[in-house]
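Understanding the architecture of this molecule
Residue-level listing of the chains:
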Amino acid sequence: MSDTNTDPGSYPYVAVFVQATGIHPTTSRLLTLDAVAFDEEGTVGEDLHLVFNPGGDPGPRHTHGLSPSDFAQAPRFSRHLKALDKLLDARTLVVHNSPLTWGLIVSEARRAMNAAARANRSRNRRNGRRRQRVGHIPRPTEIVDTLDSARRSGLIPTDIRIGAVAQLLGVEAASPVASVERARRSEEETSREETMTLVRMFLELRAKDAAVSVAPDELSADRFGLQRSTARVEAERAEPAAGNPGVYSPAAGLAKGMEIVVADDISADPDEVIAAALGAGLTYSEKLTRQTSLVVSDAPAVGAQLHGKAMHGHRKGIPVLSAEEFFTAVSKAPGR
């Protein structure tokens, strides 16, 4: 960590790159976190690099670049939460794949705070020893997701790693493909490289007026701990308006109770797609199953390779509509 404590007014942005044991914040633990605070020109004023002891198996070295002894000697996340709060509070947070990255940070902060609360209750039972204070959930003013911003600008990346998306944006970045040379470099060096790529991506997106931001208080954890829009989380929890009549067909059109899944690879705001679905009496689900009536994805419309939900839906014989096609179908739905 740098010795300089900078003013958020002078360095209003902070880019964060993390590595974790998995893709679900509820069951995964943070392994590393790299961050830089920067100004309008991309000049770095403060930096932070942390390695955490996950309290369990960190996974194979090739996935994160560290040895078991590195984690064994590292402190738990709770030891660093105050420093992280100081860096992230009152700044614009720039991350790649915010549901996961911000979800991991929030989940770890809550674990640390809950553990401290339990310890404090125990202390109170032992004659009121000094209370433990670990910090709070960081309070950035807004969160910019470089991956979501790229998608909303019309890009449909099949490789969503930072380096691959940066190259699609025309931003200088190291190849995301694993190599012997990269494996020989330290984890701190490769993580900082990713963080600085995020800085350049943000500056490029902002210059194009394409940086999409959201306020942290507009987000909620879904059942996996991923931080998504509260509207989206509530939509999945809502009771169906009707029984599922089956798979969508262009001839019959949409019908109440049909279950839709929205893929990540759309340029429209997913919340607008979900709101239109609910307005038509459809049911929204994050998970694609054989009960799914249709998938909304822009990949086929732009000739991109199918992946993720769109690919699995196509394999199961479930129709895949672009966001534009879906909005058109909604406008023709009964009662609209």
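This text goes with the structure placed above it.
Residues numbered from 1 in each chain as written. Predicted model: local features only at pLDDT ≥ 70, side-chain atom pairs only at ≥ 80, totals over all residues. Heavy atoms only, no water.

1. Remarks on the sheet that holds strand 10 (residues 283-284)
- Strand order across the open sheet formed by 4 strands is 10-9-11-12, with parallel pairing between neighbours. Both outer strands of the open sheet, strand 10 and strand 12 (320-321), are each paired with one neighbouring strand and no more.
- Of the strand pairs in this sheet, strand 11 (residues 294-296) and strand 12 are connected by 2 bridges, and their pairing is parallel. Note on strand 12: the bridge partner recorded for Val 295 is Val 320.
- Packed onto the sheet, helix 11 (residues 308-315) meets strand 9 (259-262), strand 11 and strand 12 and runs at close to 155° relative to strand 11. (Pairing = 2+ DSSP bridges. Helix = DSSP H or I, 4+ residues; strand = E, 2+ residues; numbered from the N terminus. Contact = heavy atoms within 4.5 Å. Axes fitted to C-alpha atoms, helices over the stretch in contact; angles between N-to-C directions.)

2. Quick word on the side chain of Ser 28
- Note on placement: Ser 28 falls in the loop between strand 1 (13-20) and strand 2 (30-38).
- For Ser 28, the side chain forms a polar contact with the main-chain oxygen of His 24, separated by 2.8 Å.
- The residues touching Ser 28, leaving out its near neighbours within four places in the chain, are Thr 21, Gly 22, Ile 23, Leu 104, Glu 108 and Arg 111. (Polar contact = N/O pair within 3.5 Å; in protein donor to acceptor, adjacent residues only side chain to side chain.)

3. Details of the packing of aromatic side chains
- For the structure on display, the rule yields 5 aromatic pairs.
- Centre to centre, the rings of Phe 38 and Phe 202 are 5.9 Å apart; their planes meet at 70°, and the pair counts as edge-to-face. Placement of Phe 38 in strand 2 and of Phe 202 in helix 8 (residues 187-207) is noted, with a sequence separation of 164 residues between them. Take Phe 38 and Phe 202: they sit in the same class, and that class is buried.
- With centroids separated by 5.2 Å and ring planes inclined at 55°, the aromatic side chains of Phe 52 and Phe 77 adopt a geometry described as tilted. In this pair, Phe 52 is assigned in the loop between strand 3 (44-51) and helix 1 (61-64) and Phe 77 in the loop between helix 2 (68-72) and helix 3 (81-88), connecting sequence segments 25 residues apart. Of the two residues, Phe 52 and Phe 77, neither departs from the other in class, the shared state being buried.
- In this structure an aromatic cluster arises from ring pairing among Tyr 13, Phe 38 and Phe 202. (Phe/Tyr/Trp six-rings, centres within 6.5 Å; stacked < 30°, edge-to-face > 60°. Buried < 20%, exposed > 50% of the residue type's maximum accessible area, 1.4 Å probe, protein only.)

4. Side note on the nonpolar core
- Core analysis: the biggest nonpolar cluster contains 29 residues, and Val 16, Leu 33, Phe 77, Leu 88, Leu 93 and Trp 102 have the highest contact counts within it.
- Of all elements in the fold, only strand 1, strand 2, strand 3, helix 3, strand 4 (92-95) and helix 4 (98-125) reach the threshold of two or more residues within this core.
- Sequence-distant contacts of Leu 93, defined by excluding residues within four places in its chain, comprise Val 14, Val 16, Leu 88, Trp 102, Pro 140, Glu 142, Ile 143 and Val 144.
- In terms of nonpolar packing, the next biggest core, distinct from the first, is built from 23 residues, Ala 235, Ile 274, Ala 276 and Ala 280 among them. (Core = buried A, V, L, I, M, F, W, Y, C linked by side-chain atoms within 4.5 Å.)

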